[in-house]
Amino acid sequence: MPPPALRDRQSKYLAIPMKEAEEIMKNIGKQMAKNTESLAVSQEILGKIAANFVKSTENMPRTRVSTKDGYAIIANDGSSTKTVIGVSLAGAIYDGVLQPGQCVRISTGGVVPESSTAVVMVEHTICTKKTDDEEELEIQLKEHISTGTNIREPGSETRQGDVIVRSGTKIGSAEFGILKAFGIKNIFVFKKPVITVVSTGNELVSPDCEDVPIGMIRDSNGPQLLALFTEYGFHAIDGERVSDDFESIKEKLSKILKTSDIVVTTGGVSMGEKDNIKEVLIDIGMQIQFGRVMMKPGLPCTVATGRFGTDSLKTVLALPGNPASAWVCSHLFAVPLARTIAGYAKTHHTRITVRLAHDIKLGDRPEYVRAFLEELEEEDFPIAHVTGNQISSNIGSLVGANVLLIVPMKEDKESIRKNELVKALLLR
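Predicted model only: the values in this text are computed from it and were never measured.

So, how was this worked out
- Residues numbered from 1 in each chain as written.
- Predicted model: local features only at pLDDT ≥ 70, side-chain atom pairs only at ≥ 80, totals over all residues.
- Heavy atoms only, no water.
- Helix = DSSP H or I, 4+ residues; strand = E, 2+ residues; numbered from the N terminus.
- Rg over C-alpha atoms; globule rule 2.2 N^0.38 Å.
- Buried < 20%, exposed > 50% of the residue type's maximum accessible area, 1.4 Å probe, protein only.
- Contact = heavy atoms within 4.5 Å.
- Areas by Shrake-Rupley, 256 points an atom, 1.4 Å probe, with all protein chains shown as cover.
- Lys, Arg positive; Asp, Glu negative; His and termini not counted.
- Charge placed at Lys NZ, Arg CZ, Asp CG, Glu CD.
- Patch = residues over 30% accessible without salt bridge, like charges linked within 9 Å, V, L, I, M, F, W, Y side chains within 5 Å.
- Salt bridge = Lys/Arg side-chain N within 4 Å of Asp/Glu carboxyl O.
- Pairing = 2+ DSSP bridges.
- Axes fitted to C-alpha atoms, helices over the stretch in contact; angles between N-to-C directions.
- Disulfide = S-S within 2.5 Å.
- Expected span 1.5 Å × (residues − 1).
- Bend = angle between axes of the 7 residues up to and from the residue.
- Core = buried A, V, L, I, M, F, W, Y, C linked by side-chain atoms within 4.5 Å.

**Let's talk about the overall build of the chain**
Assigned secondary structure in the chain consists of six helices and 27 strands. Taken against the 2.2 N^0.38 rule, which gives 22 Å for 428 residues, the C-alpha radius of gyration of the chain at 31 Å runs more than 25% over that of a compact globule. Considering the chain as a whole, with its 428 residues, one finds that 46% of them fall into the buried category. Counting contacts in the chain only where the partners sit at least 6 residues apart, residues at least 24 apart contribute 71% of the total. When the accessible surface of the chain is totalled, it reaches about 21,400 Å², and 49% of it is carbon and sulfur. Between the centroid of the 50 positive side chains of the chain and the centroid of its 54 negative side chains there is a distance of 6 Å.

Right, dumping it as structure tokens:
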């Protein structure tokens with residue numbers, strides 16, 4: 001780095017619009033490798049992303065079954081009185097054939113006997129004859145029952161060869177259940193990217209430090225971002241702290257890029273005399289894709305890519321050191337990129353409409369305002385409350401935030417008023 005008197009007074013990197021930054025990130029995601037593996041259908045696959053379309057191996061149901069507790073009958077056989085000749089329970093099949101005027105007591109999920117064309121619910125019958133030990137001998141229908149009533153036909157829910165889990169689907173309890181229902185033994189899933197988090201700064205000490213020297217601060221960015229990626233189902237590696245020294249950063253990044261798909265750093269990307277990250281990235285052969293983004297917080301957010309001696313493209317997201325900036329930029333750039341590599345069909349946060357609980361002053365850049373939602377029965381939209389002072393150094397503004405309000409830059413008005421509707425990104 002040049003001496004302070006000779007350093008640049010203006011950034012050489014143009015602040016690009018957020019839309020352009022998102023397009024660049026999308027293209028990076030397309031270029032990065034997606035790796036798959038075959039896993040047994042066990043608890044291990046929960047949270048992973050299906051890498052191919054899984055198809056059903058048989059019809060569901062396999063045979064005709066009842067949707068109600070009642071009696072299997074022949075509809076329209078001219079008789080409202082039915083003789084009870086047997087029982088068909090779930091797991092215990094009645095294998096006889098019904099004749100007109102007969103019925104079989106049946107439970108939900110029971111196999112419908114041959115020649116039966118409908119099931120009448122218990123509530124729609126009257127017991128008209130029974131044995132001394134209270135067994136039913138005869139019932140009477142209280143109303144007309146049409147053919148097909150309360151019967152699930154073979155393949156009515158899923159036919160053999162139908163897609164039961166789509167590629168890009170996150171495996172949760174429902175997906176796990178249907179795989180088990182069809183006896184699927186193995187499934188291809190995407191491997192999740194290796195993410196490493198590094199905090200830079202001479203002023204950083206361990207988060208566990210009790211007596212912090214004046215001028216030093218505990219490293220909160222590292223633990224915070226490791227926790228953020230864990231929240232989203234990714235395992236991130238702690239790359240620990242490194243000083244602002246050029247060679248120290250170079251050595252650290254050169255080492256972890258060999259084993260990581262995504263590296264997230266915090267600090268060292270602005271215009272300070274110790275902000276070396278961009279120059280280090282160039283020095284080790286990475287290409288800067290963008291060095292600033294027209295947004296708040298996170299203006300100096302930097303993204304670089306390179307092969308780094310491998311066939312696979314690697315990405316470094318060099319984020320500002322202020323905790324709110326690092327947290328917001330991770331949500332906007334790092335999480336969607338990680339989701340793309342991990343095979344998610346939906347990579348970005350869901351956009352919703354919210355109503356403001358108070359005025360928001362507009363600034364010279366579009367802003368992502370941290371807020372939490374209040375659900376009120378009489379409101380058509382959730383109410384968004386800003387989480388206090390939005391200065392980028394205020395780590396407290398992140399606490400409780402479950403949305404990022406998308407606030408435009410100041411143009412024809414100075415502020416957005418209370419009760420106005422704005423778009424927001426739903427977090428977590």
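Having seen it, we continue.
**Quick word on a negative patch on the surface**
The grouping of Glu-374, Glu-375, Glu-377 and Glu-378 at the surface amounts to a negative patch. Secondary-structure assignment places Glu-375 in the loop between strand 23 (367-374) and strand 24 (383-386). Classification of Glu-375 by relative accessible area gives exposed; the value is 63%.

**Digging into the sheet that holds strand 4 (residues 70-73)**
Spatial strand order, 7-4-6-5-9-8: six strands in an open sheet with mixed pairing. Strands with a single pairing partner mark the edges of an open sheet, and in this sheet they are strand 7 (118-121) and strand 8 (125-130). With strand direction ignored, the average angle separating the axes of adjacent strands in the sheet is 40°.

**Side note on the pattern of salt bridges**
By the definition in use, this model includes twelve salt bridges. Across the pair Lys-82 and Asp-77 runs a salt bridge whose closest N-O atoms are separated by 2.6 Å. The exposure class of Lys-82 is buried, given its relative accessible area of 1%. In this structure Asp-77 comes out as partly exposed when scored by relative accessible area, which is 21%. Its salt-bridge partner being Glu-134, residue Lys-130 comes within 2.9 Å of it at the nearest N-O pair. What makes Lys-130 partly exposed here is its relative accessible area of 49%.

**Description of the state of the cysteines**
Per the counting criterion, the structure on display carries zero disulfides. With no disulfide of its own, Cys-103 lies 10 Å from the sulfur of Cys-127, the closest cysteine sulfur. Judged by relative accessible area, which is 0%, Cys-103 ranks as buried.

**Thoughts on helix 6 (residues 323-341)**
The terminal C-alpha atoms of helix 6 lie 25 Å apart, and with 19 residues this matches the ideal 27 Å at 1.5 Å per residue to within 8%. A bend of about 45° at Ser-330 is the largest found in helix 6. With 19 of 19 residues buried, helix 6 is to be regarded as a mostly interior element. Residue Gly-343 follows helix 6 closely and has a positive phi angle near 90°.

**Topic: the nonpolar core**
Core analysis: the biggest nonpolar cluster contains 49 residues, and Phe-229, Val-264, Phe-290, Leu-317 and Phe-333 have the highest contact counts within it. Going through the elements one at a time, helix 1 (18-31), strand 13 (195-200), helix 3 (221-231), strand 17 (262-266), strand 20 (314-319) and helix 6 are the ones with two or more residues in this core. Looking at this core, the element that brings in the most residues is helix 6, giving twelve residues. Non-local contacts of Phe-229, meaning those with residues more than four positions away in its chain, are made with Ile-195, Val-197, Phe-234, Ala-236, Val-264, Ala-334 and Val-335. Grouped together as the second largest cluster of nonpolar side chains are 19 residues, Ile-256, Val-263, Ile-277 and Phe-308 included.

Read these as spatial facts, not as claims about activity.
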